[in-house]
Amino acid sequence: MLRANKKKKLFKAMLNNFICENILTQNNVWAIIDVQHLLGLYSYYHRIEPDYIAHIIAQFNTKYNVNVLDALKSV
């Protein structure tokens, strides 16, 4: 069983991979089921730790100059 800290790290890594592979290169390599899984994880963590998730999303928005949530929902 993974600890909560590891799960949050995996979520950050998945989000980073999604941004790099789908948004920046515009290849749309992720299947819709994978995007839905990522959205589900976002919803879960947003319910449990909204401040942490808001910080992560803001961090990725400024780092890559994109709106991560809009990009996730538009796929």
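Residues numbered from 1 in each chain as written. Predicted model: local features only at pLDDT ≥ 70, side-chain atom pairs only at ≥ 80, totals over all residues. Heavy atoms only, no water.

Things to note about helix α2 (residues 32-48)
- Given a rise of 1.5 Å per residue, 17 residues ought to cover 24 Å, and the 24 Å separating the end C-alpha atoms of α2 matches this to within 8%.
- Buried within α2 we find Val35, Leu38, Tyr42 and Tyr45. Taken down its axis, α2 places every buried residue within 90 degrees of arc, on the same side. The outward face of α2, more than 90 degrees from its buried face, is lined by the exposed residues Ile33, Arg47 and Ile48.
- Against the buried residues of α2 lie α1 (4-24), α3 (50-64) and α4 (68-74). (Helix = DSSP H or I, 4+ residues; strand = E, 2+ residues; numbered from the N terminus. Expected span 1.5 Å × (residues − 1). Buried < 20%, exposed > 50% of the residue type's maximum accessible area, 1.4 Å probe, protein only. Arc of directions from axis to C-beta. Contact = heavy atoms within 4.5 Å.)

Considering the packing of α2 against α3
- The geometry of α2 relative to α3 is characterised by a closest axis approach of 5 Å and an angle of 130 degrees between their N-to-C directions. Comparing their axes, α3 and α2 come out oblique. Residue-level contacts link Tyr42, Tyr45, His46, Arg47 and Ile48 of α2 to Pro50, Ile53 and Ile57 of α3.
- In the contact of α2 with α3, the residues fall into six nonpolar, one polar and one charged. (Axes fitted to C-alpha atoms, helices over the stretch in contact; angles between N-to-C directions. Parallel < 35°, antiparallel > 145°, perpendicular 65-115°, else oblique. Nonpolar A, V, L, I, M, F, W, Y, C, P; charged D, E, K, R; others polar.)

Some details on a nonpolar patch on the surface
- A surface patch of nonpolar side chains, about 270 Å² in accessible area, is lined by Ile32, Ile33 and Val75.
- As for its position among the elements, isoleucine 33 is in helix α2.
- A relative accessible area of 56% places isoleucine 33 in the exposed class. (Patch = residues over 30% accessible without salt bridge, like charges linked within 9 Å, V, L, I, M, F, W, Y side chains within 5 Å. Areas by Shrake-Rupley, 256 points an atom, 1.4 Å probe, with all protein chains shown as cover. Salt bridge = Lys/Arg side-chain N within 4 Å of Asp/Glu carboxyl O.)

Thoughts on the environment of phenylalanine 60
- The residue phenylalanine 60 is located in helix α3 in this model.
- Take phenylalanine 60: its relative accessible area is 6%, and that puts it in the buried class.
- It is 7.8 Å that separates the C-alpha atoms of phenylalanine 60 and asparagine 16, two residues lying 44 residues apart in sequence.
- Those residues in contact with phenylalanine 60 that lie beyond four places of it in its chain are Lys12, Leu15, Asn16, Ile19, Asn65 and Val68.

Remarks on the confidence of the model for the chain
- Per-residue confidence for the chain gives a mean pLDDT of 90; residues scoring 70 or more make up 99%.
- Per-residue pLDDT, averaged within each element of the chain, yields its smallest value for α4 (88) and its largest for α3 (94). (pLDDT = per-residue confidence, 0-100.)

Considering the pattern of salt bridges
- Inspection of the entire model under this criterion finds one salt bridge.
- Among the ionic pairs, glutamate 49 bridges to lysine 8, the shortest N-O distance being 3.2 Å. Taken together, the residues glutamate 49 in the loop between α2 and α3 and lysine 8 in helix α1 connect sequence positions 41 residues apart.
- Look at lysine 8 and you get buried, because its relative accessible area is 13%.

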